[in-house]
Amino acid sequence: MPHDPAGAGWIGASLLRKEDARHLYGRGLFIADVQVPGVQDIAFVRSPMAHARVQEIIKPADAAARVFALGDIGPVNVLEAGPELSAHRHSPYPPLADARVRYVGQTIAACMMPTRAEAEDLADNVRVELEELPAVVDVVAAMRPDSPRVFDDWPSNAYISTSVVEGEPGILAAAPIRLHRRLRLNRQATVPLEGRGVVAYWDHRLDELVVYLSTQGGQVKRLALSRMLAIPEHKVRVIAPDVGGGFGGKNRIMPEDIAVAAIAMKVGHPVRWIEDRREHLLASPHARDHTYDLTICAERDGTLLGIEGDIYIDAGAYALWPTGAFQEASMASRNLTGPYRMRHLKLNAHTVATNKAPMGPYRGVARPGATFALERLVDEVARELGREPFDLRRQNTVTAAELPYRTAAGLKLDTGDYITALDIARDKIDLPAIRKRQAAGEPDGRRIGIGFAFYTEQSGHGTVEFMKRKFRVIPGYESANARMLPDGNVLIYVGVQNHGQGHETTLAQIAAHELGIDPGQISIRYGDTAIGPYGFGTFASRSIVFAGGAVGKAARALAEKIRRIGAHLLQADIAAVRIDGGMVHGPSGKVGFAEIAFAANARPDQLPAGMDPLLDVIATYEPTESGGVFAYGTHAVVVAVDPDSGITELLDYVVTEDCGTMINPMIVDGQVVGGIAQGIGTALYEEIPYNDQGQPLATNLADYLVPCAAEMPFIRIEHLVTPALSTEYGVKGLGEGGAIAPPAAIANAVADAFRDIGASFNETPLTPRRVSEAIARARRAKNARAKDN
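Reading the values: the criteria
- Residues numbered from 1 in each chain as written.
- Predicted model: local features only at pLDDT ≥ 70, side-chain atom pairs only at ≥ 80, totals over all residues.
- Heavy atoms only, no water.
- Helix = DSSP H or I, 4+ residues; strand = E, 2+ residues; numbered from the N terminus.
- Pairing = 2+ DSSP bridges.
- Axes fitted to C-alpha atoms, helices over the stretch in contact; angles between N-to-C directions.
- Contact = heavy atoms within 4.5 Å.
- Salt bridge = Lys/Arg side-chain N within 4 Å of Asp/Glu carboxyl O.
- Buried < 20%, exposed > 50% of the residue type's maximum accessible area, 1.4 Å probe, protein only.
- Expected span 1.5 Å × (residues − 1).
- Phe/Tyr/Trp six-rings, centres within 6.5 Å; stacked < 30°, edge-to-face > 60°.
- Lys NZ or Arg CZ within 6 Å of the ring centre and 35° of its normal.
- 1 Å grid on protein atoms, 1.4 Å probe; cavity = no way out; pocket = protein on both sides within 12 Å on 5 of 7 lines; lining within 4 Å.
- Points joined across faces, edges and corners; volume = space filled by probe spheres on them.
- Nonpolar A, V, L, I, M, F, W, Y, C, P; charged D, E, K, R; others polar.
- Core = buried A, V, L, I, M, F, W, Y, C linked by side-chain atoms within 4.5 Å.
- pLDDT = per-residue confidence, 0-100.
- Parallel < 35°, antiparallel > 145°, perpendicular 65-115°, else oblique.

A cis amide bond links L403 with the next residue in sequence, P404, at an omega value of -5 degrees. Along the chain, P404 turns up in the loop between helix 9 (389-396) and strand 16 (405-406). Of note, the phi angle at A230 is positive, near 60 degrees, even though the residue is not glycine. By the element assignment, A230 lies in the loop between helix 4 (218-229) and strand 11 (236-239). Its identity is not glycine, yet D289 carries a phi of approximately 60 degrees, on the positive side. Note that D289 resides in strand 13 (residues 287-298).

The next point concerns the sheet that holds strand 20 (residues 490-494). A sheet is described by the order of its strands in space; here four strands give the open sequence 21-20-19-25, paired in mixed fashion. At either end of the open sheet lies a strand with only one pairing partner, and these are strand 21 (522-525) and strand 25 (616-621). Neighbour to neighbour, the strand axes of the sheet diverge by 20 degrees on average, direction disregarded. Bridge count between strand 19 (residues 478-484) and strand 20: five bridges; the pairing is antiparallel. Residue pairing in the sheet places A482 in a bridge with I492 of strand 20. Contacts from helix 13 (residues 503-515) reach strand 20 and strand 21, with the element oriented near 130 degrees to strand 21.

Enumeration according to the criterion identifies 60 salt bridges in this entry. A salt bridge links R564 to E560; its shortest N-O distance comes to 3.3 Å. Pair noted here: R564 and E560 are both in helix 14 (residues 543-570), with a separation of four residues, about one helical turn. Taking the relative accessible area as the measure of exposure, R564 reaches 43% and is therefore partly exposed. A relative accessible area of 29% places E560 in the partly exposed class.

Counted at 1.5 Å a residue, the expected span for helix 5 (residues 255-267) with its 13 residues is 18 Å, and the 18 Å between its end C-alpha atoms agrees. Burial runs high along helix 5: ten of the 13 residues are buried. Turning to helix 5, its buried residues are P255, E256, D257, I258, A259, V260, A261, A262, I263 and A264. G268 sits one or two positions beyond helix 5 and adopts a positive phi of about 80 degrees.

Here we take up the packing of aromatic side chains. A complete count under the given rule lists 14 aromatic pairs for this structure. Consider the rings of F151 and Y318, whose centres lie 5.9 Å apart with planes at 80 degrees: the pair is edge-to-face. Of this pair, F151 sits in the loop between strand 6 (127-132) and strand 7 (158-166) while Y318 sits in the loop between strand 14 (304-316) and helix 7 (326-334), and the two are 167 residues apart along the sequence. Considered together, F151 and Y318 belong to a single accessibility category, that of buried residues. On the basis of an interplanar angle of 55 degrees and a centroid distance of 5.2 Å, the ring pair of F390 and F452 is categorised as tilted. In this pair, F390 sits in helix 9 while F452 sits in strand 18 (residues 447-459), placing the two residues 62 residues apart along the sequence. Its relative accessible area of 3% is what places F452 among the buried residues. Connected via pairs of aromatic rings, a cluster forms that spans Y93, Y103, F151, W154, Y159 and Y318. The residue whose ring lies beneath R542 is F546, and the NZ or CZ to ring-centre distance is 4.6 Å.

Attention now goes to empty space enclosed by the protein. Unfilled space is identified by rolling a water-sized probe across the atoms. All chains considered together, the criterion is met by nine cavities of 30 Å³ or more. Of the pockets and cavities examined, the largest cavity occupies roughly 120 Å³. In terms of lining residues, the largest cavity is bounded by 14 residues, among which L79, Y93, M228, I253 and W321 are the most central. Among the residues making up the lining of the largest cavity, the classes are represented as 14 nonpolar, no polar and no charged. Of the voids in this model, the second largest cavity is the one considered here, and its volume is about 80 Å³. Surrounding the second largest cavity, 13 residues form its lining, Q219, V494, G495, G527 and D528 being those nearest its centre. Residue composition of the lining of the second largest cavity, grouped by class: four nonpolar, eight polar and one charged.

Moving on, we get to the nonpolar core. With 98 residues, the main nonpolar core has L294, I307, L336, I746 and F761 as its most contacted residues. Apart from residues lying up to four places away in sequence, I307 is in contact with L172, L294, T295, I296, L336, M342, H344, L345, K346, L347, L374 and L377. Counting residues in each nonpolar core, the second largest holds 73 residues, with L96, M254, A259 and I688 among its members.

Across the protein, the average pLDDT comes to 96, with 99% of residues at 70 or higher. Considering only residues more than four positions removed or in separate chains, one finds that residues 1-7, a stretch of pLDDT under 50, has 19 contacts.

Here strand 27 (residues 648-658) lies mainly inside the structure; nine of its eleven residues are buried. In this structure, strand 26 (residues 629-641) lies alongside strand 27, joined through ten bridges in antiparallel fashion. Residue A636 lies in a different strand from strand 27, and its bridge partner there is V654. As consecutive antiparallel partners, strand 26 and strand 27 are separated by six residues, and within that stretch G646 has a phi angle of approximately 80 degrees, a positive value. In this structure, strand 27 lies alongside strand 28 (residues 715-719), joined through five bridges in parallel fashion.

Our next topic: the sheet that holds strand 8 (residues 177-188). Strand order across the open sheet formed by six strands is 7-15-14-13-8-29, with mixed pairing between neighbours. Two strands lie at the open edges of the sheet, namely strand 7 and strand 29 (763-764), each paired on one side alone.

Before going further, it helps to examine the packing of helix 14 against helix 15 (residues 593-602). The contact between helix 14 and helix 15 brings their axes to 10 Å, and the two run at 95 degrees. Judged by the angle between their axes, helix 14 and helix 15 are roughly perpendicular. Along the contact surface, helix 14 presents I562, I565, G566 and L569, while helix 15 presents F593, I596 and A600. A breakdown of the residues in the contact of helix 14 with helix 15 according to their chemical character gives six nonpolar, one polar and no charged.

Shown next, in the form of structure tokens:
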């Protein structure tokens, strides 16, 4: 339950982010800024084919010692990735290719030279003889019995297939309304501002492997490096400096990480690899690539009954350690009912191997796809019934009085007011005014549409939840080490990794709240496995729940010892003293934290009898509800679409969201806006298409489009605050929420603009070509119907 100590006021304060100053002045330290004497650069030879046997690697005679194939980097233990389920098929993924390559961009050899340019020249002179094999590209066709296999010994191309059957699915077959649709979110890259990178060397003084890594969590990467390279963990140190965005793409161990570390151990001097943008688009973890073949069922009064059908997740050629892409299919199927009272599910979910780059856990993971499918289907039901889509949503949404509510798939929606979130979005976007504007028509011939989408965001999953998912590494807790120095200032070490979330600020606010001091007296440290406590990193909107709870717990324990020392110095009873404003106050005096801290660290003779010196506490934290808590919100968007060109402009964007207690509302707004920007990319711009031979067709930022400032509307944010019941301070995760709903809301708005002709928009991104072609198809169908009548 929320704790209310003496330092009230810092939680809920919109403080400027501490970390911004160094970045605005260009004083950050990112992976490419790390300077190590004697470093040499790596360039990789990558597969030009999607599927092939590696016949021979021919090295230039004058530089053969500088070219490393798999056999040259020593024995590597390839870890099995994915859940600990016997039904999940193993896809061994070596750091450099063995006898087979399975996607364009897969690493085959590493070339080392004094500079990156020289390394790339050397890579160009390495010849690789390949025997091309049939490529598996289409995720649905990949599941047919006659499809070529990505792995020869697999009986099919499925890593695993599962089913979700809940309620009474037999009811669905007789439903009065049954609408079948195939919906698709196409493949994306994560596109952080900073790409991946590795600097590795053997530190002879400390006798350890040092790996600088642009990562979302160093401790788990150290575990992987230790196991794969057969080095004791105490001889592996992972350091993450400033990290310029991750979005899931830096949360898995990757072949380049292992190859660079292994080469550094072989050559005896530092080596470095910095990902360029083409490599990122080719071979970094990809995202989305979901196909939903679903039927939604409803009563004629608009009551939503349930959904049946198949979900296909294109996980690419390999599962990435530790978890692979298995949870995407599970999360998609179990989140498919959203906040609606649908009680019946009959779903088959397939995690499928194809000859594409491996899938990573991109921001929102499966929820944007599930939300897109669900919300488009809800709009289609409204269209079928001649209803206002907003009203149909409101009719079927769980009310506050029904919470906590257990969904058909067993998810527990805990606290909130979903109806109010809907109503605020409707009022702020002014639905009646938009309907009037549509009726009047636009003078430039464009069509106006309005779309809504509701999302839920599960975060803060604990040990039991991850045990159910059969994770190989269970991120069921976080830890924090709070240490007060002799001058009264505080260092706090955490296991999460800041890469844009504002941890240096928000976690300091939590500690300040507990200690009753200014956040400026607190430094948050992270990113070095040699000094930080064990933790699992930053992903899945978990940091404020887990790390925030651990920091609060550690700071409270620290405050209690401070009180005891202060009472002793004041010669007062412990029950008679309190903390306020960086001091311990007693009945007849006060003593400052600096004096107390000096006594604890440097004058043990001044401590109470039997008390150990130091003000140094380690705490771990896991929420009491292992199933997680749910943030939620409604997105409402108004678009203008040119029916001839298919160009879509976002005219207005409103989001109402509830992430529980906000530690720093300004940072919350920044996270929401950033997520929406990525969601707009999914909806309108971002796509890596592949041709039939498995060649990616967007390998630079001229072909792979991302939204820029000019494409971003002004986003209006409204907050509801219903604290969670099972977390410290009532917080809920929010980092992914902004990215979940935009594809659905925007697609619904575009469909609304052309509802009179029945145009459907069920594939993202909604590029001008897709939009104009869908409009043309709908017009032809409407004209054909008119002729028939």
